[in-house]
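# A look at the structure
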Amino acid sequence: MVTAVALVGSYAVDRNIGNVVVTAIFDILGYLMIRFDYPRLTMVVALVLGAAAERNFHQTTMMSDGNLSIYFHRNVCLILLAGIVCLLAAPLFRGLRR
Amino acid sequence: MKYLPAAGLAIFTSIFLAAAYGYPSQARAFPVAVGWVTLLLVALDIVSRTKPLKPGAATEDSRPLGRQFGAVVWLAAFALMLVLIGILYAVPLYVFASLRFRGRRSWLTSLWIAAVATSAIWLLFAVVLRLELYPGYFFTRS
């Protein structure tokens, strides 16, 4: 019943049957992510923010004529990059310490 | 088995990266960055999964593989039925079949739950929301 309402609901969003296929694919993907112990929330955040991230990346790259060093010029960028590296490395170090 | 998703993602990302390097220099900047970061994350994932599990920690899913595969096939079949024969035929068929053959309910129980589920969906989407329910690929061609 839940599956039926979910799939019909996905069609109802904009009356497009393609949505049903996409929902079914993501149903299966979500099940596999649970099965193999991957977090689903991060993927949802990536899907929501991905388009904005790509747009702003291109905007920034155009401002610097394709020079990627623009991401290292300002302190706020360096702090954010350092934060990302720390967040990525933290679980690894925690795992190695155990 | 626990490395299978990471290996699959590594192969997919490698193909994605190879395709991205064929783009013009400005267009490939973001896909290439995403590809390399994904490969780094895959490597971190593989490293984190090589750790031995602590005693008492959750192990792999104990449900039989065939049963899990069956759940995926049922869902895929339902989505295919929705596309081919439409909502008003696919929903009762799916609800009835899943209750009867997967849930091992009686014929009568399966029948009335399928009827109630279809009526509820029809009432909600067709009557309350005034949505034209998809009639199915076979019924829209003629």
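If you're wondering where the values come from, they're calculated on a predicted model, not measured in any experiment.

Further remarks concern a nonpolar patch on the surface. Taken together, the side chains of Phe72, Leu78, Leu81, Ile84 and Leu88 of chain A together with Val37, Leu40 and Leu41 of chain B present a nonpolar region at the surface, about 660 Å² in accessible area. Mapped by element, the contributors of at least two residues to the nonpolar patch are helix 4 (75-97) of chain A together with helix 2 (25-49) of chain B. Top element by residues in the nonpolar patch is helix 4 of chain A. It accounts for 4 residues. With respect to the helices and strands, Val37 of chain B occurs in helix 2.

One non-glycine residue with positive phi stands out, namely Arg15 of chain A, at about 55°. Summarising the element assignment, Arg15 of chain A is placed in the loop between helix 1 (2-14) and helix 2 (18-35). Positive phi is not limited to glycine here, since Arg130 of chain B has a value of about 55°. Examined against the element boundaries, Arg130 of chain B turns out to sit in the loop between helix 5 (107-128) and helix 6 (137-141).

Residue and element names in this part refer to chain B. Here helix 4 (residues 87-102) crosses helix 5 at 150°, and the two axes come no closer than 8 Å. When the interaxial angle is binned, helix 4 and helix 5 end up roughly antiparallel. In this structure, the crossing between helix 4 and helix 5 has a hand that is right-handed. Residues Ile87, Leu88, Val91, Pro92, Val95, Phe96, Leu99, Arg100 and Phe101 of helix 4 form the contact with helix 5, whose participating residues are Trp107, Ser110, Leu111, Ile113, Ala114, Ala117, Thr118, Ile121 and Trp122.

In this section: the side chain of Ser110 of chain B. Residues and elements named next belong to chain B. Tracing the sequence through the fold places Ser110 in helix 5. Overall, Ser110 belongs to the buried group, its relative accessible area being 0%. Here the side chain of Ser110 touches Ser106 through a polar contact of 2.8 Å, landing on its backbone oxygen. Excluding residues within four positions of it along the chain, Ser110 makes contact with Phe96, Leu99, Arg100 and Arg105.

Size of an interface, as often reported, equals the accessible area lost when the parts are brought together. Contacts between the two partners involve 36 residues from chain B and, on the opposite side, 30 residues from chain A. Of the roughly 3100 Å² buried where chain B meets chain A, counting both sides, 77% is carbon and sulfur surface. Together, Phe30, Leu75 and Leu131 of chain B form the three largest contributors to the area buried by chain B at its contact with chain A, with a combined 18%. At the junction of chain B with chain A, the criterion picks out 0 salt bridges. Across the chain B-chain A interface, the total number found is 2 residue pairs in polar contact (both at pLDDT 80 or more). If you list the elements that add at least two residues to the side of chain B that touches chain A, you get helix 1 (4-20), helix 2, helix 3 (65-85), helix 4 and helix 5 of chain B. The element that contributes the greatest number of residues to the side of chain B that touches chain A is helix 2 of chain B, accounting for 10 residues.

As a further point, take the nonpolar core. If you look at the biggest cluster of nonpolar residues, it comprises 26 residues, and the most contacted ones within it are Phe78, Leu82, Ile87 and Val91 of chain B. Among the secondary structure elements, those contributing two or more residues to this core are helix 1 and helix 2 of chain A together with helix 3, helix 4 and helix 5 of chain B. Element by element, the count of residues in this core is highest for helix 4 of chain B, at 7 residues. When residues no more than four places from it in sequence are discounted, the contact partners of Val91 of chain B are Ala4 and Val8 of chain A together with Phe78, Leu82, Thr118 and Ile121 of chain B.

For helix 2 of chain A, spanning 18 residues, the distance from its first C-alpha to its last is 26 Å, which sits close to the expected 26 Å at 1.5 Å a residue. Looking at helix 2 of chain A, one finds that the buried residues are Asn19, Val20, Thr23, Ala24, Gly30, Met33 and Arg35 of chain A. Buried-residue contacts for helix 2 of chain A involve helix 1 and helix 3 (41-63) of chain A together with helix 3 of chain B. The first or second residue beyond helix 2 of chain A is Asp37 of chain A, which carries a positive phi of 60°.

Further remarks concern the confidence of the model for chain B. In the predicted model, chain B carries a mean pLDDT of 85, and 89% of its residues have values of at least 70. Interface confidence in the predicted complex, given as ipTM, is 0.71; pTM for the same model is 0.71.

Before going further, it helps to spend a moment on the packing of aromatic side chains. According to the stated counting rule, one finds 9 aromatic pairs over all chains in the structure shown. Centroid distance Phe78 of chain B to Tyr94 of chain B: 4.1 Å. Interplanar angle 15°. Geometry classified as stacked. On the criterion of sequence distance, the pair formed by Phe78 of chain B in helix 3 and Tyr94 of chain B in helix 4 is long-range, its members being 16 residues apart. Exposure class is identical for Phe78 of chain B and Tyr94 of chain B. Each is buried. With centroids separated by 6.1 Å and ring planes inclined at 55°, the aromatic side chains of Tyr137 of chain B and Phe138 of chain B adopt a geometry described as tilted. The ring of Phe36 of chain A is capped by Arg35 of chain A, whose NZ or CZ atom sits 5.2 Å from the centre of that ring.

Reading the values: the criteria
Residues numbered from 1 in each chain as written. Chains lettered and ligands numbered in written order. Predicted model: local features only at pLDDT ≥ 70, side-chain atom pairs only at ≥ 80, totals over all residues. Heavy atoms only, no water. Patch = residues over 30% accessible without salt bridge, like charges linked within 9 Å, V, L, I, M, F, W, Y side chains within 5 Å. Areas by Shrake-Rupley, 256 points an atom, 1.4 Å probe, with all protein chains shown as cover. Salt bridge = Lys/Arg side-chain N within 4 Å of Asp/Glu carboxyl O. Helix = DSSP H or I, 4+ residues; strand = E, 2+ residues; numbered from the N terminus. Axes fitted to C-alpha atoms, helices over the stretch in contact; angles between N-to-C directions. Parallel < 35°, antiparallel > 145°, perpendicular 65-115°, else oblique. Left-handed = near helix turned anticlockwise from the far one by under 90°. Contact = heavy atoms within 4.5 Å. Buried < 20%, exposed > 50% of the residue type's maximum accessible area, 1.4 Å probe, protein only. Polar contact = N/O pair within 3.5 Å; in protein donor to acceptor, adjacent residues only side chain to side chain. Buried area = accessible area lost by both parts, 1.4 Å probe. Core = buried A, V, L, I, M, F, W, Y, C linked by side-chain atoms within 4.5 Å. Expected span 1.5 Å × (residues − 1). pLDDT = per-residue confidence, 0-100. Phe/Tyr/Trp six-rings, centres within 6.5 Å; stacked < 30°, edge-to-face > 60°. Lys NZ or Arg CZ within 6 Å of the ring centre and 35° of its normal.

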